Amino acid sequence: MNDNHPEISIKSFHTPVSENIDVDTVIAVVSVSDKDSGNNGVVDLHIPHNMPFTLKESPDNYYKLVVSEPLDREKVPEYEITFTVTDRGSPPLSDNETMTLQLLDVNDNVPHFPQSFYTIRVMENNAPGALLSSLSAFDPDLHENQYLVYFILEKEIANTSMSMLFSINPENGNLYALKTFDYEMEKEFLFHIEARDSGSPPLSSNVTVHIIIVDQNDNAPVIVSPWRAHGSVVEEKIPRSTDKGSLVAKVIALDVDSVHNSRVTYQFLQVTDASLFSLDQYNGEIRTMRMFSYKDSRHQRLVVVAKDNGEPALSATVTIKLSTVETAIKAYSDMTEVPLEYDIFSDLNLYLVIGLGSVSFLLLITILVTIVLKCQKVKPSKAAPPCRNSVISERNSTIADSTLVSNDAYWYSLFLAETRKGKLVVRQPMPKGSRYIVSSIPRSTGVSETSDSAPSTLQPRQRYALCVIFILLCSVNQISTSVTHYSIPEEMKEGSVVANLATDLGLDVKTLNQRKMRLDIISNKKYLDVNKDTGELYIAEKIDREHICPTKSPGSCYLGLEMILENPLRIFNIEVEIMDMNDNAPQFRRDAFHLDISESTSKGERFSLSNAVDPDVGSNTVKTYHLSESEHFNIEVQTGREGRKIADLILNKVLDREQQAVHNLILTAVDGGTPPRSGTASIIVHVLDNNDNAPLFDKSTYNVKIMENSPIGSLVIDLNATDLDEGSNSDLTYTYSLYTPEKTQDTFNLNPSTGEITVKGMLNYEDFKIYDMEVIAADRGVTSLSGQCTIKIQIEDMNDNHPEISIKSFHTPVSENIDVDTVIAVVSVSDKDSGNNGVVDLHIPHNMPFTLKESPDNYYKLVVSEPLDREKVPEYEITFTVTDRGSPPLSDNETMTLQLLDVNDNVPHFPQSFYTIRVMENNAPGALLSSLSAFDPDLHENQYLVYFILEKEIANTSMSMLFSINPENGNLYGLKTFDYEMEKEFLFHIEARDSGSPPLSSNVTVHIIIVDQNDNAPVIVSPWRAHGSVVEEKIPRSTDKGSLVAKVIALDVDSVHNSRVTYQFLQVTDASLFSLDQYNGEIRTMRMFSYKDSRHQRLVVVAKDNGEPALSATVTIKLSTVETAVKAYSDMTEVPLEYDIFSDLNLYLVIGLGSVSFLLLITILVTIVLKCQKVKPSKSAPPCRNSVISERNSTIADSTLVSNDAYWYSLFLAETRKGKLVVRQPMPKGSRYIVSSIPRSSGVSETSDSAPSTLQV
């Protein structure tokens, strides 16, 4: 049986080996054996699969361990190789042996910097020798292969080597600055650092270092505009009539610091009247806030300070003295646009204001409508006396002369009625859309003639046709012909009777059905048909003459008919003539015609126009054309082929584009119908420009004055010629004429495009006093036109000779205790100019302890006026400034340096009277704490200082046992390691003594404060538990959302900053169930427990302090939920009030909008109630018995016809049967007129305006 374990024997094992050992090298030889037999004695040897080795089997159960992959000590420094042997028994038995293979290091790794590029920011004005950064590299090799040396790779910038600017510690890579840098001089440096190891051969790498000098605010702004001499006042003049918002002056200051520090803002330091001027803090513009009043002073003093954005801020000031004058003085032109007003309204405010305005507008409109409706007074109706003989038409009627005309949409048969005097009252049928006529005519005549003024009376042809129809009705039985002719107007109503064929043809009506009478229309639709019961020929379909006879021919238009009878067969030929009516208006093919006519077109030129088309024939077609009123155009109407009217547009007056570029005309085509119809089209005439206007200058001669020595580019004059033409005809080019001297052209430059004349050369009054020139302005038309002007430029003289200074004597150096009134120097001044330009004044700066005393012949003495102090001012730069009295004044200066000799009159001075030095606990003994160097403003031996610690014992310990000071430089060192928790502060004195005769000394108090390090981890005090144990808590399962479950409290004995503890979950069973307040450690439920939640919850809370690096402690809380109520922690904070999103302005807008909306609703309801009140109808007089009424959708009130009319008419009188008058009463436009019958002896009848049944037109 398999009762023997296999055995392993390590025959050889080489360790350590070099990491660069070759692949397939044998590391070890191993033999294996098993005392069992058969499969129980067969063994297998193997090693882990994740190693760079393999086993090669040899005879007699020997194995070789060889390297299968390259080795790397930096990745794996050693291998734990486990040899495992297993037999093949059942169950198999095994054994193992573990060997450790160590690797020897080879210098195969170059040094590695953490970054490939270093950017180091260095504040300017740094102390020489300051540490900039640590650029330490890392080499993963061992021993000498990882020992690194650092170098700066040499690079010269402006002949300065990098090693003169920077130094690097060759052992640790600390980079130091060897000089003080100035941002304004040097902004950045770029060089390389090399790290080289000590292997053989050595390997190296380098890194790029970018030194960026960071700006400090060490430069004050410099005011460049308005320019003034140092300390002088700028004087400006402005007109007293200057408007509000005008630019008075603009202050411009420059700061050479970086962008942030150089951002300059402006503000008033002093101002005479703060309500008069405003200053833009960003662009320095000074503007008027209002107009000047009589109360305002004529002189205003403004002191403006320009302050940069640095910390601390630096500033410069300028004083501007403004004088107001009555005459207009050219002020600064506006250099910026007025900024847009800041919109104080938010979107919500804007919507509320729009809503309030809209509802207010609707309320106002509704109130106005209500007032108008309420103010309409209803007059009581007065019924006219009943009248039997009124003539009433109830179809949109109009009365004119002796005719009653009414719009009617259909044809009617004739209506005849007999009157007392033997006349016929005839109602004449008219086409749809026209009007019918009721009038009285003699019995012996035909249809009555109507007034020419009636716009709707029939034409002669129509009246003739009606007469023919009337005669045919009376005598059709007496006519017999083979072809029966009838004439009817077009557009008759369907069903209208044309004639009685049975009567006209002498046929018996009763036999028509038996003889199968039928009507055939030749080559046309069935417009006509015959009633077989009455024998009447009637209209079956409305007839349009223009459709039947599309060819426009002056001849007649006929419809051919055949009436066929059988038993016996008879055929009757019938022709029906369709008479034309004026039912079509002329039309143009286009609504507008565009004509392009040059302004050079001669008078009388003709232009063809498109004709209008009228499908009617005869007199109803186009008769003439009319043109709207125009002084430049008229039309000429000609007759073409077939009588067509042709209109030509004729130019009556020559066009001028500069006076009128576009002419809008209306062409009207009128036909010959009655009433005539018309159609219109627009004629738009575009006048094309012609180069007929020459350029013109404002003046023919310009006189300009300019100061000598004006800078090149100064504007002399801006010529502005105008050309009334357009396009290239108005583009102007300015040139000198041939009469302009070359000297003038060399001195002044003329811009050919703008006409600006600027200074090109130097102007010297002594060389030339007057320059004359001629300038030509020419346009770019095909035929160029030009204009010219003469310019005379006068050069004004200026004070251009500077005064001179001559130093006759000057004593330097002098002792700082020199007596007052001692003469230091003698100076003489002179000026070559004459008059005020040659009168000179000498002065020195006001802030110096010297004064000038004048002597004869322009000689001055410089004497001491105040005691001198070398420590305050070691030397004086005395600037002698001489200024003449010319306009503008010229000056010169000479600067002399006065040096002072030192006297030992100052005690040593510490920069601070009290030093607070913070020392980090756990410091190394002998560490430098601070440098307490004092300063003695004296020189040489008077300033050589020695430092001492004034002895003081604390707890029997002398200060000299705790601290040490270098007597030469005042460096203070700590002699022991301090612990914040044991010693928090020390207080003692340092004395500094100079080497003068006699020596002077002073002392300073030093306060050493031990600064805490984060060397203590938080300690959890609640919930309490034994070290490492778990806190168990029970809570009811019915706990509400937001309930307090537990509270973790941790304490840290470090200082306040390091002891600030925050809490967070490290592990939590269900993150959605609990929340942890990171500041107070309260654990609360985020929701209620559900049946799915586990009964046991595990919370691991970590308490972390605020140190660097942070230290922490953890506590594990095991929560168990129970069904019984367990008292939980009560809430310790109240729910914060909800933030009120509405501001006061929003609230007022909402209240206003609601109030106005409510008023609008009330007003609308009141209007509806008033509108719905019904007006009782007035009682009307009974209708007349003998009225003649046309009953076509009419409504009659009393015996009155009421119709809308747009004009006033004269009265119409007609005699009735019983001696009364028919009166048409005129009424204003837009009102109604009344036709009624009144007694002959009475006046105008009374009518009822309120009659609801009057006929509206």
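Quick caveat: nothing in here was measured; it's all calculated off a predicted structure.

### Topic: the overall build of the protein
Looking only at helices and strands, one finds 7 helices and 84 strands in the protein. Restricting to contacts in the protein with at least 6 residues of sequence separation, those with at least 24 account for 66%. Element-wise, carbon and sulfur atoms account for 52% of the exposed surface of the protein, whose accessible area totals about 72,100 Å².

### Digging into the state of the cysteines
As enumerated under the stated definition, the model contains 1 disulfide in all. One disulfide in the model links C549 with C557; its S-S distance is 1.8 Å. Residues C549 and C557 share a disulfide whose torsion about the S-S bond is about 80°; that sign makes it right-handed. In this structure C557 comes out as buried when scored by relative accessible area, which is 1%.

### Considering the nonpolar core
If you look at the biggest cluster of nonpolar residues, it comprises 29 residues, and the most contacted ones within it are L528, L537, I543, M563 and V576. With 5 residues, the top contributor of residues to this core is strand β37 (residues 557-565). Setting aside its immediate chain neighbours within four residues, V576 contacts Y486, I488, L528, L537, C557, Y558, L559 and L561. One finds F113, Y118, L135 and F166 within the second-largest nonpolar core, a separate group that totals 26 residues.

### As for unusual backbone geometry
Backbone torsion omega between S90 and P91 reads -5°, so that peptide bond is classified as cis. The residue P91 is located in the loop between β7 (78-87) and β8 (94-104) in this model. Note the cis peptide between T812 and P813, where omega equals -5°. With a phi close to 65°, N922 is a non-glycine residue in the positive phi region. Given the relative accessible area of 41%, N922 is considered partly exposed. Here the phi dihedral of H940 falls at roughly 55°; this positive angle occurs in a residue that is not glycine.

### Quick notes on the pairing of strand β26 (residues 315-325)
Within a regular strand, the side chains alternate between the two sheet faces. The element β26 is largely enclosed, with a buried count of 8 among its 11 residues. Across 6 bridges, strand β19 (residues 234-239) lies against β26 in parallel orientation. Looking at β26, one finds that E236 is bridged to L322. With 9 bridges connecting them, strand β25 (residues 299-307) and β26 associate as antiparallel partners. Across the sheet, the residue bridging to Q300 is L322, located in β26.

### As for the sheet that holds strand β52 (residues 756-759)
The strand order across the open sheet formed by 3 strands is β49-β52-β51, and the pairing between neighbours is antiparallel. The open sheet has two edge strands, β49 (715-718) and β51 (748-750), and neither has a second partner. Pairs of neighbouring strands in the sheet enclose a mean axial angle of 20°, with direction left out of account. Direction of pairing for β49 relative to β52: antiparallel, over a ladder of 3 bridges. Looking across to β52, one finds that L715 is bridged to T758.

### Looking at the sheet that holds strand β62 (residues 891-901)
Reading across from one edge, β56-β62-β61-β58 is the order of the 4 strands in this open sheet, with mixed pairing throughout. Strands with a single pairing partner mark the edges of an open sheet, and in this sheet they are β56 (814-815) and β58 (840-843). Examined bridge by bridge, β56 and β62 share 2 bridges and lie parallel to one another. Bridged to V814 within β62 is L900.

### Observations regarding the environment of Y266
Its place among the elements puts Y266 in strand β22 (residues 265-271). A relative accessible area of 7% places Y266 in the buried class. Separated by 42 residues in sequence, Y266 and D308 place their C-alpha atoms 8.9 Å apart. Sequence-distant contacts of Y266, that is, excluding residues within four places in its chain, are made with V251, I252, A253, L279, D280, Q281, Y282, N283, G284, V304, V305 and A306. Engagement of the side chain of Y266 in a polar contact is seen with the backbone oxygen of V251, the distance being 3.5 Å.

### Quick word on the pairing of strand β59 (residues 850-855)
As judged from the 6 bridges shared by β59 and strand β60 (residues 859-864), these two strands associate in the antiparallel manner. Directly across from K853, in β60, lies its bridge partner K861. Linkage of β59 to β60, two consecutive antiparallel strands, is achieved through a turn of 3 residues, within which D857 is found at a positive phi near 60°.

### Describing the side chain of R240
Following the sequence through the fold, R240 ends up in the loop between β19 and β20 (247-250). Residue classification places R240 among the buried positions, given a relative accessible area of 13%. Of the polar contacts made by the side chain of R240, one reaches the backbone oxygen of D296; its length is 2.8 Å. Beyond its immediate sequence surroundings of up to four residues, R240 is in contact with F292, S293, Y294, D296, S297, R298, T324, V325 and E326.

### Brief notes about the pattern of salt bridges
Here the structure, examined in full by the defined rule, presents 26 salt bridges. Where R290 meets D273, a salt bridge forms, and the shortest distance between an N and an O atom there is 3.0 Å. Here R290, found in the loop between β24 (285-288) and β25, pairs with D273, found in the loop between β22 and β23 (277-279); they are 17 residues apart in sequence, far enough to count as distant. Residue class for R290 comes out partly exposed when judged on its relative accessible area of 25%. Put simply, E991 and R993 hold a salt bridge, and the shortest N to O gap is 2.8 Å. Judged by relative accessible area, E991 falls into the buried class, the value being 14%.

### Describing the side chain of D1012
Positionally, D1012 belongs in the loop between β71 (1001-1011) and β72 (1019-1022). One polar contact links D1012 to N1058, side chain to side chain, over a distance of 3.0 Å.

### Regarding a nonpolar patch on the surface
On the surface, a nonpolar cluster with roughly 760 Å² of combined accessible area is contributed by F361, L362, L364, I365, I367, L368, V369, I371 and L373. For F361, a relative accessible area of 52% corresponds to the exposed category.

### Section: the environment of N125
Its location among the elements puts N125 in the loop between β9 (117-123) and β10 (131-134). Beyond its immediate chain neighbours, meaning those up to four positions away, N125 contacts T180, F181, Q216 and D218. Separated by 3.0 Å, the side chains of N125 and Q216 make a polar contact.

### Structural notes on the packing of aromatic side chains
One pass over the structure, following the stated rule, counts 20 aromatic pairs. Ring geometry for F181 and F189: centres 5.3 Å apart, planes at 50°, overall tilted. In this pair, the class of F181 matches that of F189, namely buried. Between the aromatic rings of F910 and Y915, the centroid separation amounts to 6.3 Å while the plane-to-plane angle is 80°, which identifies the pairing as edge-to-face. An aromatic cluster is defined as three or more aromatic residues linked by ring pairs; in this entry it consists of F166, F181, F189 and F191.

### Quick word on the confidence of the model for the protein
Averaged over the protein, the pLDDT score is 79; the fraction of residues at 70 or greater is 79%. Counting contacts from residues 328-345, a segment whose pLDDT is below 50, to residues more than four positions away or on other chains yields 22 contacts. The low-confidence segment residues 1178-1257, where pLDDT is below 50, has 185 contacts with residues more than four positions distant or belonging to other chains.

### A few points about the environment of S995
Structurally, the position occupied by S995 is in the loop between β70 (985-994) and β71. A relative accessible area of 40% means that S995 is categorised as partly exposed. Sequence separation of S995 and Q943 is 52 residues, and the distance between their C-alpha atoms is 6.8 Å. In contact with S995, not counting residues within four places along its chain, are E941 and Y944.

The rules behind the values
- Residues numbered from 1 in each chain as written.
- Predicted model: local features only at pLDDT ≥ 70, side-chain atom pairs only at ≥ 80, totals over all residues.
- Heavy atoms only, no water.
- Helix = DSSP H or I, 4+ residues; strand = E, 2+ residues; numbered from the N terminus.
- Contact = heavy atoms within 4.5 Å.
- Areas by Shrake-Rupley, 256 points an atom, 1.4 Å probe, with all protein chains shown as cover.
- Disulfide = S-S within 2.5 Å.
- Buried < 20%, exposed > 50% of the residue type's maximum accessible area, 1.4 Å probe, protein only.
- Core = buried A, V, L, I, M, F, W, Y, C linked by side-chain atoms within 4.5 Å.
- Pairing = 2+ DSSP bridges.
- Axes fitted to C-alpha atoms, helices over the stretch in contact; angles between N-to-C directions.
- Polar contact = N/O pair within 3.5 Å; in protein donor to acceptor, adjacent residues only side chain to side chain.
- Salt bridge = Lys/Arg side-chain N within 4 Å of Asp/Glu carboxyl O.
- Patch = residues over 30% accessible without salt bridge, like charges linked within 9 Å, V, L, I, M, F, W, Y side chains within 5 Å.
- Phe/Tyr/Trp six-rings, centres within 6.5 Å; stacked < 30°, edge-to-face > 60°.
- pLDDT = per-residue confidence, 0-100.

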